[in-house]
Amino acid sequence: MMKTVKVVLLGFGTVGSGVYDTILHTHQEKLEKVIGKKVEIVGILVKSEKERQLPRNIIVTTKIDEILALPKIDYVFEAIVGIEPAYSYTKLFLDRGCHVISANKELLANRGEELMEYALNKGKFLTFEAAVAGGIPLLRTIIQLLQVNGILVLEGILNGTSNYILSKMRNEKLSFGECLQEAQQLGYAEANPESDISGRDAFYKQMILSSLIYHEQPDWEKVERIGIEQVALEDLALGEVHGLRLKLLASLKRVDEGIKATVKPTFVSSEHPLYNVEGVDNGIVIKTDLVGTLMLQGPGAGSKATASAMIEDLVQIEQQKQPLQKVHRYSYQNQNEKENNASIQLAVFPLQNKEEWLRLKAVINENSKHVNILQEVVKELGGSIYGSFLYEGELESVKLPVLYKRYPVSPIGLKRDQLNVVNSF
Ligand SMILES: NC(=O)C1=CN([C@@H]2O[C@H](COP(=O)(O)OP(=O)(O)OC[C@H]3O[C@@H](n4cnc5c(N)ncnc54)[C@H](OP(=O)(O)O)[C@@H]3O)[C@@H](O)[C@H]2O)C=CC1
Ligand SMILES: N[C@@H](CC=O)C(=O)O
């Protein structure tokens, strides 16, 4: 007779229900064939008492003790929201000898390193492929398949909701609010979508990547994080005129001073590898010192994509492949890397006594005093810097539209007749 593995689900929302459907319906046969065992869901933990149409042999409860009391649980799929109680539950289940498969980015960004250590000491697996870039097998690629390669730079679209919103706004000329609402209905957005649009979700994923790649995270306070909340249809239309698309880009690299990470809306040109990453897709470009530049792309959010990553984690553990635990990684010093030393800052501020907003674009050197001066000027005018263009190597210039020329004086002698663009990674 076929052996059985017993599974509990913590959370039965977009992710939990996706895992449930995959195990018991869409991929049951294939899964059992691959691991040579039956997979039985024995319990589901939820938060609210509402009625759910689920088989009677599955305990559905709001009480963690009832789940913990179940005999012999092999796997826990953790798909609830926030650090607590997920942190405590993860430890409780590891103590009980269960493997934990988590999708919870906030937990892993904050307490992941400690929990990985905890799991290792218990001789159990804590895996979390689903927590970064949805269905894309990114973490396993980095941890298992790029062990000798030194990762020089990682740049990616790590939030499906933001990319969905920006693509939809640009393609269908819909408002920010309408697009966000759709992303929520499709199950892409977080329970609190502020996390998606403020860049916090992408930041959490970036911090998990930093822990896995560099075994440390940068000082969170020093990470520049800008969301897409202020992006207007006209910004996207303007970009389009110049052949550019706005993406919420997360960038991570080791520099002499430590780890440099940023999350910000960035215009990319059609030559950039992330230009065609559209809709809910995520895309990650990894530049290494051995294989060169790699790119991974695929669905970054949603029920199926996340369930796929979590189920494949279970398969990996069953097959005793190396889990997403710490692997000694050659600590690469980024000495030969050319620093991006310039960017175009985008600022918005209201015109005096008018409801009209003016946008300023400025070519500045990232490392120069211009950054601070620009920030001061914009602050004084009651606006905020909300994005930047990055560039590397040769620049392409295009003329700025008239709107920008209405700014009366150049506050810091900036070149306002140029618009520089990222052409390549
Ligand atoms: N949606 C996505 O595409 C992805 C989400 N994630 C992550 O997966 C996790 C779940 O996301 P998602 O399914 O979208 O969220 P949902 O809001 O759709 O579902 C959350 C589920 O968790 C339950 N829950 C929340 N808090 C508690 C608690 N304290 N105790 C018990 N149950 C709780 C809720 O119970 P109830 O049903 O009673 O409300 C609900 O069933 C999050 O950490 C998210 O960041 C990761 C990758 C992709
Ligand atoms: N809300 C997240 C879900 C996946 O991690 C996103 O949109 O990327």
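What counts as what
Residues numbered from 1 in each chain as written. Chains lettered and ligands numbered in written order. Predicted model: local features only at pLDDT ≥ 70, side-chain atom pairs only at ≥ 80, totals over all residues. Heavy atoms only, no water. UniProt positions renumbered as here; feature names shortened; annotations may be inferred. Pairing = 2+ DSSP bridges. Helix = DSSP H or I, 4+ residues; strand = E, 2+ residues; numbered from the N terminus. Contact = heavy atoms within 4.5 Å. Axes fitted to C-alpha atoms, helices over the stretch in contact; angles between N-to-C directions. pLDDT = per-residue confidence, 0-100. Core = buried A, V, L, I, M, F, W, Y, C linked by side-chain atoms within 4.5 Å. Buried < 20%, exposed > 50% of the residue type's maximum accessible area, 1.4 Å probe, protein only. 1 Å grid on protein atoms, 1.4 Å probe; cavity = no way out; pocket = protein on both sides within 12 Å on 5 of 7 lines; lining within 4 Å. Points joined across faces, edges and corners; volume = space filled by probe spheres on them. Nonpolar A, V, L, I, M, F, W, Y, C, P; charged D, E, K, R; others polar. Near = heavy atom within 4 Å. Polar contact = N/O pair within 3.5 Å; in protein donor to acceptor, adjacent residues only side chain to side chain. Areas by Shrake-Rupley, 256 points an atom, 1.4 Å probe, with all protein chains shown as cover. Sits in = over half its atoms within 2 Å of the grid points. Parallel < 35°, antiparallel > 145°, perpendicular 65-115°, else oblique. Left-handed = near helix turned anticlockwise from the far one by under 90°. Phe/Tyr/Trp six-rings, centres within 6.5 Å; stacked < 30°, edge-to-face > 60°. Lys NZ or Arg CZ within 6 Å of the ring centre and 35° of its normal.

As annotated in an unreviewed UniProt entry, the protein chain is Homoserine dehydrogenase from Robertmurraya beringensis. Under the UniProt heading Catalytic activity (unreviewed entry), the entry covering the protein chain gives this text: "L-homoserine + NADP(+) = L-aspartate 4-semialdehyde + NADPH + H(+)". Of the comments in the UniProt record for the protein chain, the one headed Sequence similarities (unreviewed entry) reads "Belongs to the homoserine dehydrogenase family."

Caption draft 1: Just the sheet that holds strand β3 (residues 59-61), in detail. Taken together, the 6 strands give an open sheet; going across it, the order is β3-β2-β1-β4-β5-β6, and neighbouring strands pair in parallel fashion. This sheet does not close on itself; its edge strands, each paired only once, are β3 and β6 (126-127). Sheet strands in contact with helix α12 (residues 303-318) are β1 (3-10), β2 (37-45), β4 (75-78), β5 (99-102) and β6, and its direction is about 155° off that of β4.

Caption draft 2: Focus on the sheet that holds strand β9 (residues 244-255). Here 6 strands make up an open sheet; going across it, the order is β8-β10-β9-β7-β11-β12 and the pairing mixed. Either end of the sheet is taken by a strand with one partner, and the two such strands are β8 (224-225) and β12 (293-299). Relative to strand β10 (residues 258-269), β9 runs antiparallel, the two being bridged by 12 bridges. By the bridge assignment for β10, Arg245 is matched with Val268.

Caption draft 3: Region of interest: the confidence of the model for the protein chain. When the pLDDT values of the protein chain are averaged, the result is 82; 75% of them are 70 or greater. Every residue in residues 325-365 scores below 50 in pLDDT, and together they form 151 contacts with partners more than four places removed in sequence or on other chains. Low pLDDT, under 50, characterises residues 384-425; the stretch is placed with 140 contacts to residues that sit more than four places away or in other chains.

Caption draft 4: The arrangement of the environment of Pro71 in detail. Within the secondary structure layout, Pro71 lies in the loop between α3 (64-68) and β4. Note: C-alpha distance between Pro71 and Gly82 (11 residues apart in sequence) is 27 Å.

Caption draft 5: Here's a closer look at the UniProt feature "domain: Homoserine dehydrogenase catalytic" (unreviewed entry) in the protein chain. UniProt tags residues 137-315 as "domain: Homoserine dehydrogenase catalytic" (unreviewed entry). Annotated as 40% helix and 27% strand, the span residues 137-315 places its first and last C-alpha atoms 13 Å apart.

Caption draft 6: A look at the nonpolar core. In terms of nonpolar packing, the biggest core is built from 69 residues, with Phe93, Phe128, Leu138, Ile142 and Leu209 touching the most fellow members. Here the element with the most residues in this core is helix α10 (residues 200-214); it accounts for 9 residues. Listed in part, the 30 residues of the second largest apolar core include Val39, Val46, Tyr75 and Ile317.

Caption draft 7: Representation of the layout of surface pockets within the structure. Estimated volume of the largest pocket: approximately 1200 Å³. Around the largest pocket, the lining is made up of 49 residues, and of these Ala79, Ile80, Val81, Glu190 and Ala191 lie nearest the centre. At the level of secondary structure, the elements contributing two or more residues to the lining of the largest pocket comprise α1 (14-26), α5 (105-122), α9 (194-197), α10 and α12. Element by element, the count of residues in the lining of the largest pocket is highest for α10, at 4 residues. Each residue belonging to the lining of the largest pocket can be placed in one class, and the counts come to 19 nonpolar, 19 polar and 11 charged.

Caption draft 8: Focus on the site of ligand 1. Surveying the vicinity of ligand 1 reveals 24 residues, the closest of which are Phe12, Ser48, Ile80, Glu190 and Gly302. At a separation of 2.8 Å, an oxygen atom of ligand 1 approaches a polar backbone atom of Val15. Arg52 is positioned with one of its side-chain polar atoms (N or O) 3.1 Å from an oxygen atom of ligand 1. Against a free-state accessible area of 900 Å², the protein chains account for coverage of 85% of ligand 1. By residue class, the composition of the shell around ligand 1 is 12 nonpolar, 8 polar and 4 charged.

Caption draft 9: Representation of the site of ligand 2. Inspection of the region around ligand 2 gives Lys105, Asn159, Gly160, Thr161, Tyr188, Ala189, Glu190, Asp196, Asp201, Lys205, Gly300 and Ala301 as its neighbouring residues. Separating an oxygen atom of ligand 2 from a side-chain N or O atom of Thr161 is a distance of 2.6 Å. Contacts to ligand 2 include Glu190, whose side-chain N or O atom sits 2.7 Å from a nitrogen atom. Burial of ligand 2 by the surrounding chains reaches 94%, relative to a free accessible area of 250 Å². Placement of ligand 2 is best described as lying within the largest pocket.

Caption draft 10: Geometry of the packing of helix α2 (residues 28-35) against α12. Axis separation between α2 and α12 bottoms out at 10 Å; the angle between their running directions is 20°. The angle between α2 and α12 places the two elements in the roughly parallel class. Between α2 and α12 the crossing geometry is right-handed. Taken together, the residues of α12 that come into contact with α2 (itself represented by Leu31, Val34 and Ile35) are Ile311, Leu314, Val315 and Glu318. Split into classes, the residues belonging to the contact of α2 with α12 amount to 6 nonpolar, no polar and 1 charged.

Caption draft 11: Structural view of the side chain of Ser102. Along the chain, Ser102 turns up in strand β5. Of note is the side chain of Ser102, whose polar atom sits 2.7 Å from the side chain of Glu78. Apart from the residues within four sequence positions on either side, Ser102 is in contact with Glu78, Leu108, Thr127, Phe128, Ala130, Ala131 and Met310.

Caption draft 12: Expanded view of the UniProt feature "domain: Aspartate/homoserine dehydrogenase NAD-binding" (unreviewed entry) in the protein chain. The UniProt entry lists residues 11-126 under the feature "domain: Aspartate/homoserine dehydrogenase NAD-binding" (unreviewed entry), expressed in the numbering used here. The span residues 11-126 shows a helical share of 47% and a strand share of 18%, and its end C-alpha atoms are spaced 17 Å apart.

Caption draft 13: A look at the packing of aromatic side chains. As enumerated under the stated definition, the model contains 5 aromatic pairs in all. Each ring, one from Phe12 and one from Tyr20, has its centre 5.4 Å from the other, and the planes form 90°; the classification is edge-to-face. There is no split in this pair, since Phe12 and Tyr20 are both buried. By way of ring pairs, the aromatic residues Phe203, Tyr204 and Trp220 are connected into one cluster. Geometry around Tyr118 places Lys91 over its ring, the cationic atom sitting 4.7 Å from the centre.

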